[in-house]
Amino acid sequence: MIEVVNLYKKYGVNEALRGISFRVQPGEIYGLLGPNGAGKSTTIGILCGLVRPDAGQASLNGIDIARQPVEARRVLGVVPQDVALYSEFSARDNLAFFGRLYGLRGAALTGAIDRVLARVNLADRAKEPVEGFSGGMLRRLNIAAGVLHNPSVVLMDEPTVGLDPQTRASILDLVRAIAAGGAAIVYTTHYLDEAERLCDRLGIIDHGVILAEGTLQELREAAGAREIIALRGIFRADAVTLEIEKHTEWELIKATDSELLLTVQHAEQQLAALLALAATLGTVREVAIRQPSLENLFIKLTGRELRE
Amino acid sequence: MRATFIVAAHQLRRVVRNPGLILLLLAIPLTLAVMEYGAFGRSAAEGKLPPVKVLFLDEDDTVVSGFLPQVFSGGPAKDFFELAQVPDKQEAARLFTRNQAAALIVVPRGFQDALLANRPAELVFYRNPIQSIGPDIVASMLQMTTLIGNGLYAKALEPIRQVKALLDAGRDPTSAEVAAISQGFFEAGRRLQGLDALTNLRIGVQRPGDTQARTGFGSDPAQFFAYVFPGLVVFALMFIAQALAIRLLRDRLKGLQRRIVMTPVSPLAVVLGGVTYLVVGLLVLLVFLGVIGGLVFRIPLRDPLSLLAIGLGFALFAAGLHLLSISLSKSDRSAGFVGSVVVLVLSLLGGTFVPAEQYPPFLQRVAAIVPNGAAQQGFIDVLVHKMPLVGLGPGLGVVWAWGIVTMALAVFVERRRLRA
Ligand SMILES: Nc1ncnc2c1ncn2[C@@H]1O[C@H](COP(=O)(O)OP(=O)(O)O)[C@@H](O)[C@H]1O
Ligand SMILES: [Mg+2]
C-alpha cells in the first residue's frame, strides 16, 4: 500500500509540489496524469527516497520512507523514466546485478530472472548485449529490472514514452499483470488514452497540485456534459473577458491575446453568437469544439491541453 | 556490506570486459620508460630500437597544424619516431599495406579555426592494422601530448591570440609579426616538450641529507629503470584512476547510480562500493605494472610488502582525488579537465618528468610532501636505495596521510550528494 500525505517540494523558488496526497491499495493501478513539469517525477523521487520533501509524509506498506529508507525500499520496485541499464551487458547480467542488490541470490535469483524475462518476452534475447536492443526491448528490460524481485509496491515513471502503439499495448498488459499479482502501482503518464485504458484510479496533476481525483467514471462525471469551444486568432483579452462574463451561459476558462477557451452547453447553438461577439473584439482564425471528455476536464482544470 | 561488494565486483567486471582507455593509459609508463631509455640510457643500450614510422597528413595547412609534427620530431622523441608527410590518404594506405608505417595522423581541415575559436579540435589517428605495438606507441605519445598540451594550452594562448587578431583584421602579417608569433609558438613548443628537461639529467645523484654522492643508475639498464619507472607508474596511476572514476561519473549521468540507490542499500554502501572498485582496480594495475617492470625492464622487485604499503596508500589518494573530482563535476568533460590539471600540476611538483633530486632545495621539499612525489621517492628508496620498510617512515606517512584525508573527504562529499 502506498500512502502520501501533503507533500511539498521547492527547488529554489520553483514550487514543484504544493500539497500532494493520495493512497493506493494493493492490486490497484493509480495513474498520475499531467503534462511535463507537473511534478510527477518529483513525487516518484520522494516515494523512493531519492528526493527529500520539504514537508509531508510518504509511506510504503506503512514504512515511512524518510525515516527508514532502506526498509521501505525492500518492498519497492521502481521503473525510472529514462532507461538505465548497462549497455555492454546482456539482459541476464543486468537483471542479475539488480537482483543481487535486492538481496536475491543463487537459485532464487536465477528463477526470478527466468520468470521476469519470460514475462517481458525477452527470454530468447537474454544473452545478447543490450546495446543492440530496440527502444521497445530496452523499455521492457527497464521494467523487468524494476520488478524482478516481486515488489509489493511498484512505481513507474512514464514507461511508454516514445514507443510505438503495439509496444505500448504490450507494456500496458505487463503492468496489468503486475497489478493482478497484488502490487500497488503508481503509474505516471502524460498520455490521456493510456491513463483511461490502464488505471483504476487517476489523479490529474498540474503545477504540483492534484486538481481532481477519482475513477475514470467519477472524473468523466466531473467533466460534465459541457463542451469546450476554443477560438484562436487575435483578441484583446481584457475586453473579451468583460464581454463574455456578461453571458452566464458561457464559462470562460482562459483568455489570452491569441486564444479563448470556454465551456458551454450545446456548442453548435451558441457558436454563431460567440463568433459574432469575438469578431467585434478581434479576428478569429480557427474554431474548435471539443466533446465532453477527460481531456475537457483537464483543459477546464488547467486552461491548457495535456500535450502542450 | 554485501552491497559494497556487489557494486565493486560489478564495476571491476565491466573494466575487465571493456578496458578501453585504461589499456592505453597502461602503455604510457611503458612507452615513456622505453623512450627515456632511448634518449638517456643509450650508452648502455646495445643498438637502438628501430624508429617507429609515423605518417602525417596536413589537410588544415595552417600555422598551428604545421607546428604539430614537432611533437614527434623534437626532443627525446626524435630518436624514437620517424616522421614522413604524405600528400593524401591513398598514399598512406599504400604505405600501410606495404607495412612501411605504423600510424597515420591527420590534421583535419578547420583544426586551427576550432582551436582559435576555443572549440574542441580533433586530430584523427589511424593505426596500421598490420602492426601491433608501433601504433600503440604512437597513440600513447599522442595521448600524452594531448594531456600535457591541454594543460599547457594556456601557455600557447598568447601566440594563438596574435594569430586570431591577424585573421580578424583580415590582412597579411608583417615579417616582424611572423617572427613574434613563431617565437611564441617555439616557446610553447619547448614547454610542450616537457621531457626536454631530462636532457640535463645528471648521473651522480645527490640526495637531501646525504653528504656523499650516491651512485645513480649509471649505465646499468636495470638501475636506470628502477630509477625512472616508479615516477612514470605513479603518473600513469593518477590518470588511470581518473579514467576509472569517470566511468562512475558516466554511470551517474546515465541514471545508473540513481537506480542503484533506489534498491534497498544504504548510500554509504554504494559509495564504498565505488571506492573499493577504484582502489582494488588501481592496486591490480599497479601490481601488473610492477610485474612488467620486473619482467621487461629487469627491475629487481625487492621487498614487495613495502612496495605494496606505498602502493595502497597512493591508490587511496589517487582514487579519492578523482572520486572527489567527479563528485563535484556535472559533466565528464569538466571532470576530465579538472582532474588532468591537478594531475599535471602534482606531476610537475612531484618530479615525474624531472626527478625531484634534480630540483633546487625548496622544490625538493615540496616534492617530498606531495603524495605522488612521496610515493615515487618511496618506490625509488625501496628499489634503488634498498631501504627497509621502517626507513620509509616519513615518506610513507605523507602518502598515507594524503590517502586517508583525500578519501575521507571524497566519501563524505559523495555520500552527501547521494543522500536525499
Ligand atoms: N533536480 C531539480 N532541480 C530543480 N528543479 C527541478 C528538479 N527536478 C524537477 N524540477 C522542477 O520541478 C518541476 C516538476 O518536475 P518533474 O517532477 O520532473 O515533472 P514531470 O515529471 O511531471 O515532468 C519542474 O518545474 C522541474 O523543472
Ligand atoms: Mg517526469
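Some details on the environment of Gly313(B)
All names here are of chain B.
Step number 1: You can see Gly313 is positioned in helix H12 (residues 304-328).
Step number 2: Between the C-alpha atom of Gly313 and that of Val399, which follows or precedes it by 86 residues, the distance is 5.6 Å.
Step number 3: Excluding residues that lie within four positions of it along the chain, Gly313 makes contacts with Val399, Trp400 and Gly403.

Considering the sheet that holds strand E2 (residues 14-24) of chain A
Residue and element names in this part refer to chain A.
Step number 1: One open sheet accounts for four strands, arranged E2-E1-E4-E5; its pairing is antiparallel. In the strand order of this sheet, the two ends are held by E2 and strand E5 (63-64), each with one partner.
Step number 2: Here strand E1 (residues 2-11) pairs with strand E4 (residues 55-60) via five bridges, running antiparallel. Paired with Val5 across the strands is Gln57, a residue of E4.
Step number 3: The sheet contacts of helix H1 (residues 40-47) involve E1, E2 and E4, and relative to E2 the element is tilted by about 60 degrees.

Here's the deal with the interface of chain A and chain B
Step number 1: Every contact between the two is made by 29 residues of chain A and, on the other side, 24 residues of chain B.
Step number 2: Three residues stand out in chain A for area buried against chain B, namely Leu50(A), Tyr86(A) and Leu101(A), and they jointly supply 26% of the buried area on that side.
Step number 3: Applying the counting criterion to the chain A and chain B interface returns two salt bridges.
Step number 4: In this structure, Arg17(B) and Asp93(A) form a salt bridge, with 2.8 Å as the shortest nitrogen-oxygen distance.
Step number 5: When residues of the side of chain A that touches chain B are assigned to their parent elements, the largest contribution, five residues, is made by helix H3 (residues 91-101) of chain A.

Observations regarding the packing of H3(A) against helix H4 (residues 106-119) of chain A
Residues and elements named next belong to chain A.
Step number 1: Interhelical geometry of H3 versus H4 gives an angle of 125 degrees and a closest axis separation of 10 Å. With respect to H4, the element H3 is oriented oblique. Considering the relative orientation of H3 and H4, their crossing is right-handed. Judged by residue contacts, Ala91, Arg92, Leu95, Ala96, Gly99 and Arg100 of H3 engage Leu109, Thr110, Ile113, Asp114, Val116 and Leu117 from H4.
Step number 2: Residues belonging to the contact of H3 with H4 are distributed by class as follows: seven nonpolar, two polar and three charged.

Regarding the layout of surface pockets
Step number 1: One number sums up the size of the second largest pocket: a volume of about 640 Å³.
Step number 2: As for the second largest pocket, its lining consists of 26 residues, and the residues nearest its centre are Leu50(A), Arg252(B), Gly255(B), Arg258(B) and Met262(B).
Step number 3: Listing elements by their share of the lining of the second largest pocket, those giving two or more residues are H1 of chain A together with helix H9 (221-253), helix H10 (256-261) and helix H16 (393-418) of chain B.
Step number 4: Partitioned by chemical class, the residues of the lining of the second largest pocket number twelve nonpolar, six polar and eight charged.

Digging into the site of ligand 1
Residues and elements named next belong to chain A.
Step number 1: All residues adjacent to ligand 1 are Tyr11, Asn14, Ala16, Pro35, Asn36, Gly37, Ala38, Gly39, Lys40, Ser41 and Thr42.
Step number 2: Ser41 places a polar main-chain atom, nitrogen or oxygen, 2.8 Å from an oxygen atom of ligand 1.
Step number 3: When isolated, ligand 1 has an accessible area of 560 Å², and the protein chains bury 61% of it.
Step number 4: Of all elements in the fold, only E2 and H1 reach the threshold of two or more residues within the shell around ligand 1.
Step number 5: If one sorts the elements of the shell around ligand 1 by residue count, H1 sits on top with three residues.
Step number 6: Split by residue class, the shell around ligand 1 holds four nonpolar, six polar and one charged.

So, the coordination of the magnesium ion (ligand 2)
All names here are of chain A.
Step number 1: Ligation of the magnesium ion (ligand 2) by protein atoms is provided by Ser41 (OG) and Gln81 (OE1), these donors lying 2.1 to 2.4 Å from the ion. Here Gln81 lies in the loop between strand E6 (76-79) and H3 and Ser41 lies in helix H1, a separation of 40 residues in the sequence.
Step number 2: Looking at Ser41, the relative accessible area reads 31%, which means it is partly exposed.

Here we look at a nonpolar patch on the surface
Residues and elements named next belong to chain B.
Step number 1: On the surface, a nonpolar cluster with roughly 640 Å² of combined accessible area is contributed by Phe337, Val338, Val341, Val342, Val345, Leu349, Phe362 and Leu363.
Step number 2: Those elements that provide at least two residues to the nonpolar patch are helix H13 (332-350) and helix H14 (361-369).
Step number 3: Here the element with the most residues in the nonpolar patch is H13; it accounts for six residues.
Step number 4: Locating Val341 in the fold gives a position in helix H13.
Step number 5: The exposure class assigned to Val341 is partly exposed, which follows from its relative accessible area of 31%.

Side note on the packing of helix H5 (residues 135-147) of chain A against helix H6 (residues 165-180) of chain A
Helix-helix packing is characterised by the crossing angle of the two axes and by the distance between the axes.
Residues and elements named next belong to chain A.
Step number 1: Two elements in contact, H5 and H6, have axes whose closest approach is 10 Å; the angle formed by their N-to-C orientations is 10 degrees. Comparing the axis directions of H5 and H6 gives the class roughly parallel. Across the interface between the two elements, Gly136, Arg139, Arg140, Ile143 and Val147 from H5 touch Thr167, Ser170, Ile171, Leu174 and Ile178 from H6.
Step number 2: Class assignment of the residues belonging to the contact of H5 with H6 gives a composition of five nonpolar, three polar and two charged.

What to know about a positive patch on the surface
Step number 1: Taken together, Arg52(A), Arg415(B), Arg416(B) and Arg419(B) make up a surface patch of like positive charges.
Step number 2: On the secondary structure map, Arg52(A) appears in the loop between H1 and E4.

Examining the packing of aromatic side chains
Residues and elements named next belong to chain A.
Step number 1: Evaluated as defined, the whole model comprises eight aromatic pairs over all chains.
Step number 2: Here the aromatic rings of Tyr86 and Phe97 are separated by 5.5 Å at their centres, their planes lie at 85 degrees, and the arrangement is edge-to-face. Linking Tyr86 in the loop between E6 and H3 with Phe97 in helix H3, this pair joins segments that are eleven residues apart in sequence.
Step number 3: Owing to a relative accessible area of 1%, Tyr86 belongs among the buried residues under this scheme.
Step number 4: Judged by its relative accessible area of 2%, Phe97 falls in the buried class.
Step number 5: Aromatic ring contacts, followed pair by pair, group Tyr86, Phe89, Phe97 and Phe98 into a single cluster.
Step number 6: Arg168 extends its terminal NZ or CZ atom over the ring of Tyr191, reaching a point 4.2 Å from the ring centre.

A closer look at H14(B)
Residue and element names in this part refer to chain B.
Step number 1: Residues of H14 that are buried: Gln364, Val366 and Ala367. Considered in projection along H14, the buried side chains sweep an arc of 160 degrees and stay on one side of the axis. In this structure, H14 carries Pro361, Phe362, Arg365 and Ile369 as exposed residues pointing more than 90 degrees from its buried face.
Step number 2: The inward-facing, buried residues of H14 abut H13 and helix H15 (371-383).

Comments concerning the pattern of salt bridges
All names here are of chain A.
Step number 1: Inspection of the entire model under this criterion finds 21 salt bridges over all chains.
Step number 2: Across the pair Glu158 and Lys40 runs a salt bridge whose closest N-O atoms are separated by 3.3 Å. Of this pair, Glu158 sits in the loop between strand E7 (153-157) and H6 while Lys40 sits in helix H1, and the two are 118 residues apart along the sequence. The burial state of Glu158 is the same as that of Lys40; both residues are buried.
Step number 3: Taken together, the shared-partner salt bridges connect Arg168, Asp193, Glu194 and Arg197 into one network.

As for the sheet that holds E7(A)
All names here are of chain A.
Step number 1: Here we have six strands laid out as an open sheet, ordered E6-E7-E8-E3-E9-E10, and mixed in their pairing. Looking along the sheet, the strands with just one partner apiece sit at the ends: E6 and strand E10 (209-214). Neighbour-to-neighbour, the strand axes of the sheet open up by a mean angle of 15 degrees, direction not taken into account.
Step number 2: Contacts from H6 reach strand E3 (29-33), E7 and strand E8 (184-189), with the element oriented near 155 degrees to E8.
Step number 3: Helix H11 (residues 294-302) rests against strand E9 (201-206) and E10 of the sheet, and its axis sits at about 35 degrees to E9.

What counts, and at which threshold
Residues numbered from 1 in each chain as written. Chains lettered and ligands numbered in written order. Predicted model: local features only at pLDDT ≥ 70, side-chain atom pairs only at ≥ 80, totals over all residues. Heavy atoms only, no water. Helix = DSSP H or I, 4+ residues; strand = E, 2+ residues; numbered from the N terminus. Contact = heavy atoms within 4.5 Å. Pairing = 2+ DSSP bridges. Axes fitted to C-alpha atoms, helices over the stretch in contact; angles between N-to-C directions. Buried area = accessible area lost by both parts, 1.4 Å probe. Salt bridge = Lys/Arg side-chain N within 4 Å of Asp/Glu carboxyl O. Parallel < 35°, antiparallel > 145°, perpendicular 65-115°, else oblique. Left-handed = near helix turned anticlockwise from the far one by under 90°. Nonpolar A, V, L, I, M, F, W, Y, C, P; charged D, E, K, R; others polar. 1 Å grid on protein atoms, 1.4 Å probe; cavity = no way out; pocket = protein on both sides within 12 Å on 5 of 7 lines; lining within 4 Å. Points joined across faces, edges and corners; volume = space filled by probe spheres on them. Near = heavy atom within 4 Å. Polar contact = N/O pair within 3.5 Å; in protein donor to acceptor, adjacent residues only side chain to side chain. Areas by Shrake-Rupley, 256 points an atom, 1.4 Å probe, with all protein chains shown as cover. Donors = N, O, S within 2.8 Å, 3.2 Å for Na, K, Ca; no water. Buried < 20%, exposed > 50% of the residue type's maximum accessible area, 1.4 Å probe, protein only. Patch = residues over 30% accessible without salt bridge, like charges linked within 9 Å, V, L, I, M, F, W, Y side chains within 5 Å. Lys, Arg positive; Asp, Glu negative; His and termini not counted. Charge placed at Lys NZ, Arg CZ, Asp CG, Glu CD. Phe/Tyr/Trp six-rings, centres within 6.5 Å; stacked < 30°, edge-to-face > 60°. Lys NZ or Arg CZ within 6 Å of the ring centre and 35° of its normal. Arc of directions from axis to C-beta.

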